Structures are given as structure tokens and as C-alpha cells.
Amino acid sequence: MSRLLALPLLLASGLAGAAATQPIAPGQTAVVTLQGSGFTNALVLNVPEGVERLRLRATAANPATDIDLLVRYGSPFPDTTFDGAPPSPGYLFDHAVQLSANAEGDEFIVLSSASGVPLRAGPVHISLLNFDAAPATITFSSEVLPADFFVPITVVFNDTRGGCDVAGWNDAAAASPVRGNSGTTLGQQRRNALNEAARLLSEELRPIAPLTVQACWDTLEFGDNGGTLAQAGPYYRLVRDAGRGFGVNFLPERFVTFPGTVSAHQAGNNICRYAGGRCAEYLPDVFSEFNYAVDQSSNANRRFDYGFEAQPGTTSFISVAMHEIAHGLGFAGSLDLSSSSSRFGDQRLFRGLPYDDTYGNKVRSSVGGALNPTPFLRLDNGDRLNALVSTVGLRFGGPITLSSPDNPFSLEPSPGNHLALHAPSPVAPGSTYSHLSTLNNAAGPQLMTASINASGPRSLGLGRLVLQDIGWYRSTRAPSPALQISEGQYFDPKRNGHGFEIRRIAGFSARNGDPLYFVTFYTYDGDGRPEFFTATGTLVEGVFSPAQDATTGDSLLRNLYLGRNSSPQTQADPSPDYDGQVRIDFGNAANHPACFTSAEGRNFSSPMAVLSFSINADDETQWCVEALTDPAAAPQVDFSNQWYDPADGGWGLSIVSVPGNGGDALALEIYYPDAQGRGRWGLVQTDRYEPGAPMPVVSFDGFCRECEPSELEAVQIGEMVLNLRRPGEGPSTVSFDVTWPGAEGGRFTRTNSTIIPVGTPGF
């Protein structure tokens with residue numbers, strides 16, 4: 001933002017509409033030529049009613065050309081930022097709900113009506129990007145797919161990366177065909193059986209994206225009394241946390257880790273496309289490892305049985321393989337249950353934070369017979385351990401599981417309608433928590449119990465409901481309603497004196513028609529002195545996402561005041577030693593580690609958000625913030641807003657009105673420059689606002705953003721007279737005289753300046 005709190009002057013640079021669009025229908029092809037480092041948002045795919053699966057593809061004439069394909073519903077992609085600058089690739093990515101972004105010239109996405117961001121009838125907006133310096137010719141096509149379309153899971157038998165032993169798949173020992181398995185060597189039978197397990201899972205879960213399983217062997221613990229038959233898990237995990245650069249809007253839950261397999265199903269393509277990079281550089285989606293020692297058992301019935309048809313009383317390789325691959329597909333929590341771990345009972349860290357995982361955040365504790373089972377991951381470690389060894393007190397209660405007619409317990413009173421999980425005493429690392437309890441065998445033999453079922457199940461059983469709850473959706477879903485935010489001031493109760501205000505700018509929109517919001521972030525610098533920053537942008541999927549300034553590259557601007565007679569009066573600080581970025585996520589903030597790891601003293605019934613920012617050395621700082629005031633506590637006249645003089649930039653007010661003592665109380669920040677043009681702020685408070693009455697302006701010495709909280713020290717820096725008026729009562733005016741108390745100095749005054757609110761008034 002190039003001018004501070006002088007919005008009409010700033011935004012008068014011509015809010016044009018998007019570029020002319022090129023409508024196309026499914027099945028049609030469009031060929032576009034993009035200049036080097038160019039993009040187009042012109043293509044709009046009109047989807048008719050009744051389409052449940054739709055494949056989009058973009059291919060470059062030169063396969064080595066790095067192109068990307070982005071998708072968005074609702075409003076189109078922005079052709080420019082709000083101030084007319086070309087959008088950066090990151091800004092376009094912020095607006096995408098699905099994407100294909102590998103480092104080569106072949107991109108595709110399968111859109112599904114059963115995804116977390118479901119395909120729906122109407123316009124689908126397409127953005128195509130060329131990352132090469134040379135022009136690129138791109139062919140865009142779309143294809144309506146059958147409603148039951150799926151991509152079979154592929155098993156890879158020759159990938160030795162990571163020390164994978166593949167010799168067992170090529171064992172030349174002679175073998176007789178057995179119950180549908182036509183292999184004539186042990187290696188052939190093993191490959192046939194694992195492929196059959198993958199086929200059965202594919203038909204049951206119907207993935208819409210390519211998935212691969214790395215197949216390995218090793219000698220693991222095993223004896224006459226049992227042991228490990230096999231083990232498997234996902235190679236990759238993903239989280240939707242826009243503030244840390246993980247703005248993957250296709251994931252259905254924020255701040256929750258998803259296995260890469262579920263992420264691919266939600267993204268409609270494979271990991272190299274939704275995460276970026278070269279496909280050949282990625283490992284398979286699932287690691288699986290089978291135990292040589294099983295086939296070396298002296299007891300023939302304990303060896304793997306490779307028959308396609310189950311034979312009760314044997315160790316069915318197909319059942320074992322389905323069970324293990326299901327773990328790789330997401331039937332597993334991220335709890336650290338290693339007996340040697342210093343974090344026993346805690347969530348495993350992902351990118352340094354203890355995010356919930358999509359399995360664990362649906363696990364409940366019913367220890368003590370609680371009618372409303374408690375979210376397991378919100379328990380302290382002692383209560384978690386009690387649930388883990390409770391036999392019957394650990395339950396899975398995802399919404400699909402609880403409501404599905406396929407859950408034979410769904411009509412039982414809580415917690416009986418929850419699926420019991422394996423909770424033996426003592427804890428059994430590797431099996432506790434991430435398996436169904438044998439109590440569920442009342443509904444028939446279950447594949448996902450901790451011990452192999454002697455009947456050799458060939459379906460997921462109740463495990464399918466668990467997998468559907470964690471993201472393997474099958475049924476058409478309704479689009480989520482647009483997230484509505486509560487405008488006003490937010491603060492972190494752990495960091496007194498820091499906060500921000502967000503307001504929708506009345507009368508202005510982004511160039512694609514989306515509402516524009518203005519944010520002022522008031523805080524303290526490294527020496528504890530007040531300073532403030534600003535940002536202007538739109539809400540994308542509930543995230544305030546300002547564009548980077550075309551000159552400075554900053555999305556969180558430090559403004560410099562140039563003088564009342566200058567044109568412009570302010571500018572974004574162009575200093576190379578300043579870098580500021582910001583995102584504010586208003587969705588499901590209570591589930592972010594910044595909130596639940598410091599829950600004491602927080603008001604979780606308040607509107608909340610996650611403020612993510614970096615200012616120079618501040619590296620991806622994330623604060624849990626909540627509304628400063630109770631939205632239900634209505635003053636007699638609500639003047640709460642950001643206020644400014646449209647003819648005089650470089651300063652402004654953030655006003656909060658609340659019920660007070662015999663009238664309305666008022667608190668406000670005044671933003672003003674010091675003698676060097678740096679933005680500073682002071683505070684005015686009164687428990688009963690009286691128009692025209694002088695009020696002292698106070699400045700605080702506080703604590704820096706990365707410092708331990710400390711007491712604030714106040715000093716009066718001036719005086720203010722404020723006359724706020726409703727429509728029909730005349731203009732609102734302010735007079736003030738303030739002096740920055742720091743070494744820079746600087747007196748800043750205004751007399752009877754007419755001010756108006758940034759956002760729609762609440763009076």
C-alpha cells in the first residue's frame with residue numbers, strides 16, 4: 001500500500017474488471033501462447049449439472065517447459081493486484097483451490113464432487129502460468145469422466161531407494177498355483193498377491209489420483225508365539241497452514257496433517273503436482289515391508305498363504321497386505337508411542353509443530369463412561385495414557401462413522417456409537433491406538449484389528465468408515481459456505497500491547513470483484529518502542545492474503561511519511577533492510593498449535609484467528625489471536641472502525657466502542673509519524689466518551705515481538721479532542737497534538753480534521 005489511511009487517493013488508480021474471458025465447455029480444447037514468465041486467467045470452463053468427475057489437463061508443446069495449472073470456483077483469478085500491478089505467481093497460488101504445479105510441461109487435475117472442495121455446476125476459472133523465459137504454447141483440455149472413475153493403486157517391485165530389499169519378489173523357488181493365484185514361483189505368487197490386495201483396496205476406496213506402493217522385504221522379529229508380519233506407512237504428510245507457506249486449499253481441514261495419499265486423493269493428482277518439483281525425484285506414496293521370517297516358520301500354517309481366496313486358519317498374505325497398505329492410506333495416528341521417546345504420548349512434530357492429524361483429531365476418550373467423549377488430543381498426557389490402556393475407553397468418532405448406516409453401532413447411545421480402538425494394557429507400540437478393537441468383530445471379522453483375523457478378510461469392513469472420515473470421501477459433498485469473519489480488533493492475550501484491526505473497505509473491491517480489507521498491525525520494535533504496519537488485500541478461503549507491493553516485495557508495509565505538502569504524502573519503505581510479510585487465517589484457529597498449546601487464559605468462544613508474519617529477523621512468527629471485544633456487548637452508539645482523513649494521508653485512528661460507565665467507553669490507537677517519518681502509535685482511553693472533551697494520549701514502552709512479555713510503561717505524549725457524529729449530525733472531526741518521546745523526536749498536530757470510517761459504520 002503506497003499511502004497510509006488515505007484510501008480513496010490510493011485506490012483511485014482505476015479498478016478495472018478482469019480481462020476478457022474465453023468460455024469453453026467440457027470436451028473442448030483451447031490452445032494459448034504465453035509470453036516468457038507470463039500467465040493467462042482467460043479460460044472459464046462451464047460445467048453442466050450432473051458432472052461428478054472431470055479431468056483437466058494442460059500440456060506444453062515443449063515437454064521440458066515448466067508450466068502450472070490452477071483452478072478456482074466463484075470469482076475469477078485476479079489479473080492484477082488491487083493497485084494495478086501484475087500478480088506474482090504466489091498471489092495466484094493463494095487464490096487457487098486446486099493446482100497442478102510440477103516442474104515440467106504436463107499438468108492434470110481430476111475434479112470430483114466428492115472432494116473436500118467439491119466440483120459443482122457453473123464456472124470453473126483456470127489460470128495457466130509459464131515459468132520459462134521463452135514463450136510457451138499450451139494446450140488445455142477437459143474430459144468428463146464416469147461417476148465411478150478411479151485410478152488403481154500401483155505396486156512398485158523394483159524401487160530399491162531407501163535400502164528397500166526387492167529380492168523377495170523375484171524368488172525363483174517353485175510354487176504350485178493356489179486358489180486363484182496362478183504364479184509358479186514364490187516371487188510370482190508374492191507379486192500376484194500384493195497386486196490383488198492393491199486391486200481390492202482400489203475398488204473399495206476408488207482413489208482419483210495415481211498412488212504407488214513401494215514393496216520391500218526384510219527380516220523382522222517373528223517366532224512361534226507371533227511377531228511382526230509386515231509394516232507400512234505413508235512417505236509424506238501435508239498440512240494446510242497458509243501462514244507458513246502451506247496454502248493447500250484443497251485439504252478439507254486447516255492445521256491438521258494429512259497423509260500424502262489422502263492429500264493426493266483430495267488434490268486430484270500426485271504429490272509432484274500438488275507439492276511441486278520433478279516427479280522422478282519423489283519416493284512412492286506408501287512404504288511397505290514384509291517379513292521374510294514368516295515364510296521361514298517351522299509351522300506351515302503360520303507362513304504366508306498367497307491364495308486369492310481366503311482359507312481360514314492360515315496367515316493370508318492378501319489380508320496382511322491390505323491391512324498394511326491401509327495404514328499407508330491413512331489408518332494411523334501420529335502419536336509418539338515409542339517407549340524410548342522423550343515425547344511419549346505427544347503428537348509427533350511436523351515442521352516443528354505438534355499439529356493434530358486427520359485420524360487423531362477424530363479419536364475420543366470415553367474413560368469413565370462419558371456420554372460425550374472428550375477429544376483425545378486435547379487431553380493432558382496423564383489422561384491420554386489412561387485412555388490408551390483403558391481397553392474400552394479409546395474410541396473413533398468421525399462424523400461419517402457416527403452417522404453411517406454401515407456402522408452397526410450407530411443407533412447406540414454415546415459412546416457406544418463410536419468405534420472402539422485397540423487400547424491394551426500396557427501400551428503396545430505399533431498397535432495401540434491405530435487399530436480397531438476386537439470388540440468391533442461383533443459386526444463381522446474386521447481387517448483393521450491389531451492381530452490378523454483368522455478368516456482372512458478381503459474388505460476394509462468398518463475400517464472403510466474410518467478412512468472415509470479422514471478424507472477418502474465417496475459421496476457428493478456440498479460446497480462449504482464462505483467463511484464470514486468478525487471485523488474489528490484482535491490481540492493475543494499472551495502478548496499485551498500487540499494487535500491488529502481488520503476492516504472491509506467500504507465502496508471498494510479488488511479487480512476480480514472480491515471485497516478488499518485493510519489491516520493495521522500495531523506492535524513494538526526490537527527496543528520495545530511502538531511501531532505499526534499496514535496491509536491491503538482480499539480474503540481467500542478465509543485467509544487474509546495481501547499481495548506483495550510491486551516495488552518493495554512486501555505484503556506487510558512499513559510506511560514512511562514524506563510530509564503534508566508532498567505527493568504522495570507517504571510511501572512504502574523501499575529500504576533493502578526491511579522485509580515484511582503477513583497472512584491471517586480466520587478458519588478453525590482453535591485447532592492451531594499456537595492456540596491449543598497455550599490454551600490457559602484464552603477465550604475459545606471468541607472469534608479467533610492465526611496471525612502469521614515475518615518482519616526482518618522474525619521468522620514465520622505465528623500468534624493465536626482473539627477478538628478484543630465481545631461482539632454481543634453492544635454500545636449505545638458503535639463508532640468502532642478505522643478512521644482517516646481522505647484528503648490527508650499518513651495518520652489515522654483505530655476506535656473501539658464498548659459499554660461503559662453511564663455511557664459508552666472508548667479506546668483508540670492514534671497512528672502518526674515521528675520526525676523521521678516512521679510510523680508510531682499512542683493510546684487514548686476513557687470509560688465514558690464525551691464529544692469535545694480533551695483526552696490524554698499515552699505512549700507505551702513495551703516488549704518486542706520475540707521477547708518475553710513484560711510490564712508496559714506509559715508516558716503521556718499529548719492530548720486529543722474527538723467529535724464523532726452519526727449521519728445527519730455533521731462531520732466527525734479530531735484535533736490532536738502529540739510528540740514522539742523517542743530520540744528521533746517529532747511533533748505531529750492536526751486541528752479539526754474531518755475523518756470518515758474505512759469500513760461500513762456500525763451506527
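Residues numbered from 1 in each chain as written. Predicted model: local features only at pLDDT ≥ 70, side-chain atom pairs only at ≥ 80, totals over all residues. Heavy atoms only, no water.

### Re the overall build of the protein
So, point 1. From N to C terminus, the protein includes 11 helices and 43 strands.
So, point 2. Expected size for 763 residues packed as a compact globule is a radius of gyration near 27 Å; at 30 Å, the protein falls within 12% of this value.
So, point 3. In terms of principal-axis extent, the alpha carbons of the protein reach across some 100 × 65 × 45 Å.
So, point 4. Residues classed as buried in the protein amount to 57% of the 763 residues present.
So, point 5. When the accessible area of the protein is evaluated, it comes to approximately 29200 Å², of which 49% is carbon and sulfur surface.
So, point 6. Of the charged side chains in the protein, 50 are positive and 77 negative, and the gap between their average positions amounts to 4 Å. (Helix = DSSP H or I, 4+ residues; strand = E, 2+ residues; numbered from the N terminus. Rg over C-alpha atoms; globule rule 2.2 N^0.38 Å. Buried < 20%, exposed > 50% of the residue type's maximum accessible area, 1.4 Å probe, protein only. Areas by Shrake-Rupley, 256 points an atom, 1.4 Å probe, with all protein chains shown as cover. Lys, Arg positive; Asp, Glu negative; His and termini not counted. Charge placed at Lys NZ, Arg CZ, Asp CG, Glu CD.)

### Regarding the sheet that holds strand S16 (residues 237-239)
So, point 1. Read across the sheet, three strands follow the order S16-S17-S21 without closing on themselves; strand pairing throughout is mixed. Each edge of the open sheet is held by one strand with a lone partner, namely S16 and strand S21 (356-357).
So, point 2. As paired elements, strand S17 (residues 256-259) and S21 share two bridges and run parallel to each other. Residue pairing for S21: Val-256 is matched across the bridge by Asp-356.
So, point 3. Sheet strands in contact with helix H4 (residues 260-267) are S16 and S17, and its direction is about 90° off that of S17. (Pairing = 2+ DSSP bridges. Contact = heavy atoms within 4.5 Å. Axes fitted to C-alpha atoms, helices over the stretch in contact; angles between N-to-C directions.)

### Thoughts on the sheet that holds strand S24 (residues 394-396)
So, point 1. Taken together, the four strands give an open sheet; going across it, the order is S23-S22-S24-S25, and neighbouring strands pair in antiparallel fashion. Both edges of this open sheet fall to strand S23 (374-375) and strand S25 (419-420), since each of them pairs with a single strand only.
So, point 2. With two bridges connecting them, S24 and S25 associate as antiparallel partners. Bridged to Phe-396 within S25 is Leu-419.

### Looking at the pattern of salt bridges
So, point 1. A complete count under the given rule lists 31 salt bridges for this structure.
So, point 2. Note that Asp-106 and Arg-57 form a salt bridge whose closest N and O atoms lie 2.8 Å from each other. Of this pair, Asp-106 sits in strand S8 (residues 106-112) while Arg-57 sits in strand S5 (residues 53-60), and the two are 49 residues apart along the sequence.
So, point 3. On the basis of relative accessibility, which here comes to 30%, the residue Asp-106 falls in the partly exposed class.
So, point 4. Across the pair Arg-680 and Glu-744 runs a salt bridge whose closest N-O atoms are separated by 3.7 Å. One end of the pair, Arg-680, is in strand S39 (residues 679-686); the other, Glu-744, is in the loop between strand S42 (732-739) and strand S43 (747-757), and 64 residues separate them in sequence.
So, point 5. Overlapping salt bridges, with partners in common, bring together Asp-525, Arg-529, Asp-674, Arg-680 and Glu-744 in one network. (Salt bridge = Lys/Arg side-chain N within 4 Å of Asp/Glu carboxyl O.)

### A word on the layout of surface pockets
So, point 1. Looking at the largest pocket, its volume works out to about 1300 Å³.
So, point 2. Ala-230, Glu-324, Gly-430, Ser-431 and His-435 are, among the 44 residues lining the largest pocket, the residues nearest its centre.
So, point 3. At five residues, the largest contribution of residues to the lining of the largest pocket is made by strand S15 (residues 230-234).
So, point 4. Of the residues contributing to the lining of the largest pocket, the split by class is 16 nonpolar, 24 polar and four charged. (1 Å grid on protein atoms, 1.4 Å probe; cavity = no way out; pocket = protein on both sides within 12 Å on 5 of 7 lines; lining within 4 Å. Points joined across faces, edges and corners; volume = space filled by probe spheres on them. Nonpolar A, V, L, I, M, F, W, Y, C, P; charged D, E, K, R; others polar.)

### Focus: the nonpolar core
So, point 1. By size, the foremost hydrophobic cluster in this structure holds 86 residues, and its most contacted members are Leu-194, Phe-317, Phe-376 and Tyr-433.
So, point 2. With eight residues, helix H3 (residues 186-205) is the largest single contributor of residues to this core.
So, point 3. Once residues lying within four places of it in the same chain are set aside, the contact partners of Phe-317 are Trp-169, Arg-190, Ala-193, Leu-194, Trp-217, Phe-290, Phe-304, Asp-305 and Tyr-306. (Core = buried A, V, L, I, M, F, W, Y, C linked by side-chain atoms within 4.5 Å.)

### Some remarks on the packing of aromatic side chains
So, point 1. According to the stated counting rule, one finds 37 aromatic pairs in the structure shown.
So, point 2. With a centroid separation of 5.3 Å and 55° between ring planes, the pair formed by Trp-169 and Trp-217 is classed as tilted. Taken together, the residues span a long stretch of sequence, with Trp-169 in the loop between strand S11 (154-156) and H3 and Trp-217 in strand S12 (residues 212-218) at a distance of 48 residues.
So, point 3. Residue Trp-169 is classed as buried on the basis of its relative accessible area, which comes to 0%.
So, point 4. Summarising the aromatic geometry, the rings of Tyr-236 and Tyr-282 are spaced 5.7 Å apart at their centres and angled 70° between planes, so their arrangement reads as edge-to-face. Highlighted residues: Tyr-236 in the loop between S15 and S16 and Tyr-282 in the loop between helix H5 (271-274) and strand S18 (286-291), separated in sequence by 46 residues. (Phe/Tyr/Trp six-rings, centres within 6.5 Å; stacked < 30°, edge-to-face > 60°.)

### Points about empty space enclosed by the protein
So, point 1. Within the structure shown, the criterion is met by three cavities of 30 Å³ or more.
So, point 2. One number sums up the size of the largest cavity: a volume of about 50 Å³.
So, point 3. Broken down by class, the residue content of the lining of the largest cavity amounts to three nonpolar, three polar and two charged.

### Quick look at the state of the cysteines
So, point 1. For the structure on display, the rule yields four disulfides.
So, point 2. There is a disulfide in this structure between Cys-704 and Cys-707, and the S-S distance comes to 1.9 Å. For the disulfide bridge between Cys-704 and Cys-707, the dihedral angle about the S-S bond is near 95°, and by the sign convention the bridge is right-handed.
So, point 3. Residue classification places Cys-704 among the buried positions, given a relative accessible area of 11%.
So, point 4. In the protein, the bonded cysteines, numbered by position in the sequence, are linked as 1-2, 3-4, 5-6, 7-8. (Disulfide = S-S within 2.5 Å.)

### A word on the environment of Leu-128
So, point 1. In this structure, Leu-128 sits in strand S9 (residues 122-130).
So, point 2. Looking at Leu-128, the relative accessible area reads 0%, which means it is buried.
So, point 3. Here the alpha-carbon distance between Leu-128 and Leu-92, two residues 36 residues apart in the chain, equals 9.9 Å.
So, point 4. Residues within four places of Leu-128 in sequence aside, it is in contact with Val-32, Leu-34, Gly-38, Phe-39, Thr-40, Leu-43, Ala-58, Asp-68, Leu-69, Ile-138 and Phe-140.

### What about the confidence of the model for the protein?
So, point 1. Per-residue confidence for the protein gives a mean pLDDT of 92; residues scoring 70 or more make up 97%.
So, point 2. Across residues 1-18, where pLDDT falls below 50, the model places 64 contacts with residues more than four positions away in sequence or in other chains. (pLDDT = per-residue confidence, 0-100.)

### Quick look at the side chain of Thr-523
So, point 1. Topologically, Thr-523 is positioned in strand S28 (residues 515-524).
So, point 2. Thr-523 gets classed as buried once you look at its relative accessible area, which sits at 0%.
So, point 3. Excluding its chain neighbours within four sequence positions, the residues that come into contact with Thr-523 are Gly-497, His-498, Arg-529, Pro-530, Glu-531, Phe-533, Trp-681 and Arg-705.

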